[in-house]
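What follows is each chain in one-letter form.
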Amino acid sequence: MIDATTEARLVAALRGGDVQARDAAIAELHERSARPLFQLCLRVACDAADADDAVQETFVDVLRGIGSFRGDAKLSTWLFRIAIRAATRVRNKTARRRHDVTDADANAVAGSDDPVARAAERENAQRLLAAIDQLPAAQRAVVGLAAIQGIEHAEIAAVLGIPVGTVGSRLHEARDRLRVLLAARRPNP
Amino acid sequence: MDDFDLDSMEAALSRAAERHAPPPLDPRSVRRRLVILQAGPWLWLLFVAAIAGTAAVQSAWWIAALAGVVLLPGAIAGVRARRDELAALATADDLAAIERRHFTTLANSQRSAVIVEAAIALLLAAIAWHTGDSWRWGVAAFFGALAAGRLVAVVPFVERANRDSGGEAPPRWITLLVLFALFVLLPFLLLGKLVVAGWRAVVRRLGGRS
């Protein structure tokens, strides 16, 4: 997601006293990481609007905590940790989740060459999100992290602070649970 | 539900999320929010200092000052402990454990609060019925509404959050009722009986002297 050179440059700018450089750095970090963070937050918060809020909160927390970032882990690892906390916080404030996949989805369906297929895809995505909502917090986090493109089990383990082997078993348990939940919620033919 | 279906559903969810355009980030609004977050605890301290100052200056506020002296150290220690606990978080699992403990405690306390409020409402209703004062019915109704409101609006939400975070289920209502009767109601009634008997003895003795 972010190479080592860019990471060092961004961290230096975020820590520096130059407000303009800091604003530019946070904007660049947002541009580079907002999409993977949204994938993660969507599966932890289980609602698109809440996931958007969580992503925004993540960047506020980044500025708050950049002083304590020691550089032991990758910047992305640290970002994902913060995002999981932010999404959990936002999720706990919401009494009833709508399991909306994305606000822009209606436009996507309208603009599609096959609206029926898109609508079915959206329904599938919402069903899965409703099932993920039923998982315990630790499983939601691992499912969210695994959905990020290009992420490896070693980084998931670093984010969650668990052994690499546990990532696989936890993901396996989560998927088993999801199958049971989806089978129970299978729509009538 | 077979594996292929789950995979395709995951792909559908990822594609839908990929289509979503994240709202733009305005660095100035982030900075503003940061200032508010950093200023919050100081404003709270200022508020507490103002209350304590007022209590110290105006003698009529001595009760507030006393309450402050008794309650504030505990409250501040609680806030500090919570802050330290959150600052020490290293992993998302730690956070999940804190979340679990928090909601389990909350679920237990909310059920207990319903029982206590309902008991107070019943007690006040009995007093109102005994004395025949109409205003006492209003107070009893207030506590009754409080208990009903908590039962309908707060308890389900907290218990859902507790289940969600994998927390321990709260004790059953019947268990709480028995515990309440044994450890709160019974001692309260015995103490009440003791106080009334003592008061009558004092009145009798004083009446005998005069």
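This is a predicted model, so every value here is computed, not measured.

Side note on the overall build of chain B
Working step 1: Of the regular secondary structure elements, chain B holds six helices and zero strands.
Working step 2: The order of α-helices and β-strands along chain B, N terminus first, is α-α-α-α-α-α.
Working step 3: Out of the 210 residues in chain B, the part that is buried amounts to 12%.
Working step 4: Look at the contacts in chain B between residues 6 or more apart in sequence, and 64% of them connect residues 24 or more apart.

Remarks on the interface of chain B and chain A
Working step 1: The interface of chain B with chain A comprises 33 residues on the first partner and 50 residues on the second.
Working step 2: Contributions of two or more residues to the side of chain B that touches chain A are made by α1 (3-19), α2 (27-57), α4 (92-131) and α5 (134-164) of chain B.
Working step 3: Residue contributions to the side of chain B that touches chain A peak at eleven residues, all from α1 of chain B.
Working step 4: Looking at the side of chain B that touches chain A residue by residue, the classes come out as 21 nonpolar, five polar and seven charged.

What to know about unusual backbone geometry
Working step 1: Even without being a glycine, C46 of chain A presents a positive backbone phi close to 65 degrees.
Working step 2: With 26 C-beta atoms packed within 10 Å, C46 of chain A lands in the buried category.

A short note on the environment of V155 of chain B
Working step 1: Structurally, V155 of chain B is set in helix α5.
Working step 2: For the pair V155 of chain B and L106 of chain B, spaced 49 residues apart in sequence, the C-alpha to C-alpha distance is 9.1 Å.

Remarks on the confidence of the model for chain A
Residues and elements named next belong to chain A.
Working step 1: For chain A, the mean per-residue pLDDT works out to 84, and 89% of the residues sit at or above 70.
Working step 2: Averaged pLDDT values over the elements of chain A bottom out at 46 in helix α5 (residues 105-110) and peak at 92 in helix α7 (residues 137-146).
Working step 3: Across residues 105-111 the pLDDT falls below 50, and counting only partners more than four positions away or on other chains, this stretch makes nine contacts in the model.

Section: helix α3 (residues 48-65) of chain A
For an α-helix, the turn length of 3.6 residues means that residues three or four places apart are oriented alike.
Working step 1: For α3 of chain A, which comprises 18 residues, the first-to-last C-alpha distance of 25 Å matches the rise-based estimate of 26 Å (1.5 Å per residue) to within 8%.
Working step 2: Among the 18 residues that make up α3 of chain A, 14 are buried, leaving the element largely enclosed by the rest of the structure.

Observations regarding the packing of helix α2 (residues 19-45) of chain A against α7 of chain A
All names here are of chain A.
Working step 1: At a minimum axis separation of 8 Å, α2 and α7 run at an interaxial angle of 155 degrees. Comparing their axes, α7 and α2 come out roughly antiparallel. Two packed elements cross with a definite hand, and for α2 against α7 that hand is right-handed. Touching Q39, L40, R43 and V44 of α2 are R140, A141, V143, G144 and L145, all from α7.
Working step 2: Of the residues assigned to the contact of α2 with α7, the class counts are five nonpolar, two polar and two charged.

Quick look at the nonpolar core
Working step 1: Among the nonpolar cores identified, the biggest contains 62 residues, and C41, A83, A87 and V142 of chain A are the most heavily contacted of them.
Working step 2: If near-sequence neighbours (up to four positions away) are discounted, A87 of chain A is found in contact with C41, V44, A45, A51 and A54 of chain A.

Considering the packing of α2 of chain A against α3 of chain A
Residue and element names in this part refer to chain A.
Working step 1: Where α2 contacts α3, the axes come no closer than 8 Å and their chain directions differ by 135 degrees. The orientation of α2 relative to α3 falls into the category oblique. Regarding α2 and α3, the two cross each other, and that crossing is right-handed. Between α2 and α3, the contacting residues are I26, H30, A34, L37, F38, C41, L42 and A45 on the first element and A48, D50, A51, A54, V55, T58, F59 and L63 on the second.
Working step 2: Partitioning the contact of α2 with α3 into residue classes produces 13 nonpolar, two polar and one charged.

Some words on α2 of chain A
Residue and element names in this part refer to chain A.
Working step 1: Along its 27 residues, α2 runs just 32 Å from first to last C-alpha, ending more than 12% under the 39 Å computed at 1.5 Å per residue.
Working step 2: Maximal helix bending in α2 amounts to about 55 degrees, located at S33; proline P36 follows within four positions.
Working step 3: Just beyond α2, the residue with positive phi is C46, at close to 65 degrees.

The rules we used
The residue numbering used here restarts from 1 in each chain and proceeds along that chain's sequence as written. Think of it this way: whatever chain is written first is A, whatever ligand is written first is 1, and the rest follow in order. Given that this is a predicted model, residues contribute local features only at a pLDDT of at least 70 and side-chain atom pairs are listed and counted only at 80 or more, while totals for whole chains, interfaces and linings are drawn from all residues. The way it works is that DSSP assigns letters per residue, a run of H or I at least four long becomes a helix, a run of E at least two long becomes a strand, and they are numbered from the N terminus. Exposed residues have 12 or fewer other C-beta atoms within 10 Å of their own C-beta, buried residues have 20 or more, and residues in between are partly exposed; the C-beta atoms are placed from the backbone. A residue pair is marked as a contact if its C-beta atoms, positioned from the backbone, fall within 7 Å. Three residue categories are used. Nonpolar comprises Ala, Val, Leu, Ile, Met, Phe, Trp, Tyr, Cys and Pro, charged comprises Asp, Glu, Lys and Arg, and polar comprises the others, including Gly. Scored between 0 and 100, pLDDT is the confidence that the predictor attaches to each residue. In a helix, the anticipated span is given by 1.5 Å times the number of residues less one. Axis lines are fitted through C-alpha atoms, for helices just across the contact stretch, and the angle between N-to-C directions can take any value from 0 to 180 degrees. In this scheme, roughly parallel covers angles under 35 degrees and roughly antiparallel covers those over 145, while 65 to 115 is roughly perpendicular and the rest are oblique. Crossing handedness is read from the near helix: turned anticlockwise from the far helix by less than a right angle, it gives a left-handed crossing, and turned clockwise, a right-handed one. Nonpolar core, as used here: buried Ala, Val, Leu, Ile, Met, Phe, Trp, Tyr and Cys residues forming one set through C-beta atoms within 7 Å. Here the bend at a residue means the angle between the axes of two seven-residue stretches, the one that ends at it and the one that starts at it.

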